[in-house]
Amino acid sequence: MRSSIARLAFVVCFGAVWGCGSRTVSRVPSAPPPSASLPSGPPRAPLATENPPATVANCGLFSGQGESTLPISSVGLAERVDPAHAPYPSNESERLLFRQLYETLIRVDCEGHAIPGLAVAWRVDSSAANGSTWLFTLRQNARFSDGSPVTAADVAASWMSAGVGRGNASELRPEIRRFVRSIAVVDERTLEIVLQSRSADAVLALSHTDLAIVKPVAGSPWPIGTTPARIDGPGTVPPAGSSVITLIHLSANSSIQFFVAPGRDRRDLLDQGVDLLLTRDPRTLDYAATLPQFATAPLPWLRTHVLLTAGPRAAPSFSAEERNALAKDAVRGEARGAEGPFWWESLPDCEFATAETPAPPASRTGRIVYDADDSAARELAERLVGIGTYPRANGLSSEALAQALRRGNESAYVLSLDRRPLDACREMHVLVDNASWIDPKTIVPLVDTRLQAIVRRGRSGLIAEWDGTLLLDGIGTIGK
């Protein structure tokens, strides 16, 4: 299991892979891309009800492309997929695949509504005086993908550190404790969960991937989840090179093939015949526009690249015009100057110990570092070097970047943060826990980035969630 700091340092890879191949094509006008209404406002407070809404109708993408449509049967993944990371995604390819396999107690749809996940009902426990105790009821006849029943005890066990019992707060995994104080089994289908926050919106954070319900399987690199989908066979993916992961859709008695091709030109995946590809590579998007069999729709602006500085050196500031210039001139693919309001600038109910943490020593190299697998971060760092802000830039692996953040002895860091987290206070606590020198006042926004979905015409069944991740053909909604 990857640590939270590694996931923080390598949350997402939005970047393009710049292959050297070329294509000669005639440009074919494409029809206007269908898209869902994906608002950028804050999430809505969930109803404390026994009957939460199932979903919001306009969260579907590509649902009206003709009188008859087929489900997605093949997906292109342009980044590495490692079963050892499951269920915690470290890039967009893992995020898409893992979402089909692993679910949380609740989900948050594209409009910010709390909707059923593994739990079909939830309410505040009015008998508890603390105001942060919630009762969750699991869906009836819930099962893991191997057919075994899912009980409240299984949920508690999924959140516990390896080899310990159930229910004690000290036994909860560290990433769980950021959301949850304690969990107790009431009966086979009911859980009593005490949240860290008393806010009515705090329950929304239970949709975070850190809280996905899984069960390890002896002899398999993949834990199993509670959706009607599983990996066919061992599903082992080599660190490099192409491979195919077959996901079995148990309820529909069908399968979806995920073509994993890290390092390959994304346009090759379209030529290979995939039904779905997520990308921000402008060459791939331009190429898709020439292919009448594909339609494209933008997903929300969900990532913000920021600049962090440590030590006595003051962070440079960028006006809105300068941020727009960075997005236009430095970043390949869809990007815009970061647009506020920024969640880290308004955290009135959060307390941090940063004021008591001594500043780390200044780096003697003066370098700016970034995740080597994040092309947008690389391009921003190189532009800051080009304009003389820093003498040099270096890309680090996710683990090395996590260590560098803990030490805080580099001159600057380019990181990708969630643009609209469900729990802003929790997000800041993750940053501070993993790099105690970080001060929210010194986070400098640079650019926002987003993905686009390229979908073969005649395919449907895509549902967008709050974080922009897509559910395929109702995999995450069947049996609710």
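Keep in mind that this is a model prediction, so the values were computed, not measured. (Residues numbered from 1 in each chain as written. Predicted model: local features only at pLDDT ≥ 70, side-chain atom pairs only at ≥ 80, totals over all residues. Heavy atoms only, no water.)

Student: So what exactly am I meant to see when it comes to the overall build of the protein here?
Tutor: In terms of helices and strands, the protein carries 10 helices and 24 strands. Among the 480 residues that make up the protein, the fraction classed as buried is 56%. (Helix = DSSP H or I, 4+ residues; strand = E, 2+ residues; numbered from the N terminus. Buried < 20%, exposed > 50% of the residue type's maximum accessible area, 1.4 Å probe, protein only.)

Student: What exactly am I supposed to notice about the sheet that holds strand 20 (residues 444-449) here?
Tutor: Paired through backbone hydrogen bonds, the strands of a sheet run either parallel or antiparallel to each other. The mixed open sheet is built from six strands, whose spatial order is 16-20-15-19-17-18. With partners counted over all chains shown, the strands left at the sheet margins are strand 16 (335-337) and strand 18 (393-396), one partner each. Adjacent strand axes in the sheet meet at a mean angle of 30° when their direction is disregarded. Bridge count for strand 17 (residues 368-371) against strand 18 is four bridges, and the pairing is parallel. Bridged to Val-369 within strand 18 is Asn-394. (Pairing = 2+ DSSP bridges. Axes fitted to C-alpha atoms, helices over the stretch in contact; angles between N-to-C directions.)

Student: I'm lost on the state of the cysteines in this one. Help?
Tutor: When the sulfur atoms of two cysteines share a covalent bond, that bond is a disulfide. Enumeration according to the criterion identifies one disulfide in this entry. With a sulfur-sulfur separation of 2.2 Å, Cys-59 is cross-linked through a disulfide to Cys-110. Here Cys-59 and Cys-110 share a disulfide; its torsion about the S-S bond, -90°, makes the bridge left-handed. Residue Cys-59 is located in the loop between helix 1 (4-9) and strand 1 (60-61), and its partner Cys-110 is located in the loop between strand 4 (106-108) and strand 5 (114-116); the two are separated by 51 residues in the primary sequence. (Disulfide = S-S within 2.5 Å.)

Student: Even after reading the chapter, I still don't get the environment of Leu-247, so can you show me in this structure?
Tutor: In this structure, Leu-247 sits in strand 11 (residues 243-249). Along the backbone, Leu-247 and Gln-100 are 147 residues apart, and their C-alpha atoms lie at a distance of 8.7 Å. The contacts of Leu-247, once residues within four sequence positions are left out, are Leu-97, Gln-100, Leu-101, Ala-229, Arg-230, Ser-254, Ser-255, Ile-256, Phe-258 and Ile-475. (Contact = heavy atoms within 4.5 Å.)

Student: Explain the side chain of Asp-275 here, please?
Tutor: Structurally, the position occupied by Asp-275 is in the loop between helix 5 (266-272) and strand 13 (276-279). Given the relative accessible area of 2%, Asp-275 is considered buried. Excluding residues that lie within four positions of it along the chain, Asp-275 makes contacts with Pro-71, Ile-72, Ser-73, Ser-74, Ile-454, Val-455, Arg-456 and Arg-459.

Student: Which parts of the structure should I look at to understand the pattern of salt bridges?
Tutor: Any two side chains of opposite charge can pair, so long as their charged atoms come close to each other. According to the stated counting rule, one finds 18 salt bridges in the structure shown. In this structure, the salt-bridge partner of Glu-175 is Arg-173, at a minimum N-O distance of 2.8 Å. In terms of burial, Glu-175 and Arg-173 fall into one category: buried. Here Arg-450 and Glu-334 are joined by a salt bridge, their closest N and O atoms 2.9 Å apart. Of the two residues, Arg-450 sits in the loop between strand 20 and strand 21 (452-456) while Glu-334 sits in the loop between helix 7 (320-329) and strand 16, which places them 116 residues apart along the sequence. As far as burial versus exposure is concerned, Arg-450 and Glu-334 are alike and both buried. Taken together, the shared-partner salt bridges in this structure form one network comprising Glu-92, Arg-95, Arg-99, Arg-107, Glu-465 and Asp-467. (Salt bridge = Lys/Arg side-chain N within 4 Å of Asp/Glu carboxyl O.)

Student: Help me out: how do you make sense of the packing of aromatic side chains in this one?
Tutor: For any pair of aromatic rings, geometry is given as the distance between the ring centres together with the angle between the planes. With the rule as written, the count across this model stands at five aromatic pairs. When the ring of Trp-343 is compared with that of Trp-344, the centres are 5.4 Å apart and the planes differ by 80°; the resulting orientation is edge-to-face. The pair Trp-343 / Trp-344 is uniform in exposure class, with both members buried. Here the aromatic cluster, defined as three or more aromatic residues joined through ring pairs, consists of Phe-98, Tyr-102 and Trp-222. (Phe/Tyr/Trp six-rings, centres within 6.5 Å; stacked < 30°, edge-to-face > 60°.)

Student: Can you help me understand the sheet that holds strand 23 (residues 462-464) in this one?
Tutor: Taken together, three strands build an open sheet; the order of strands is 1-23-24 and the sheet is antiparallel. Edge strands, defined here as strands with exactly one partner in the open sheet, are strand 1 and strand 24 (470-472). In terms of strand pairing, strand 23 meets strand 24 through three bridges, oriented antiparallel. What sits directly across from Ala-464, in strand 24, is Leu-470.

Student: What is the right way to read the pairing of strand 19 (residues 412-418) from this model?
Tutor: In summary, the side chains of a regular strand alternate between the two faces of the sheet. Most of strand 19 sits out of view: six of its seven residues are buried. With seven bridges connecting them, strand 15 (residues 303-309) and strand 19 associate as antiparallel partners. Bridge pairing in strand 19 places Arg-303 opposite Asp-418. Relative to strand 19, strand 17 runs parallel, the two being bridged by three bridges. What sits directly across from Tyr-370, in strand 19, is Val-414.

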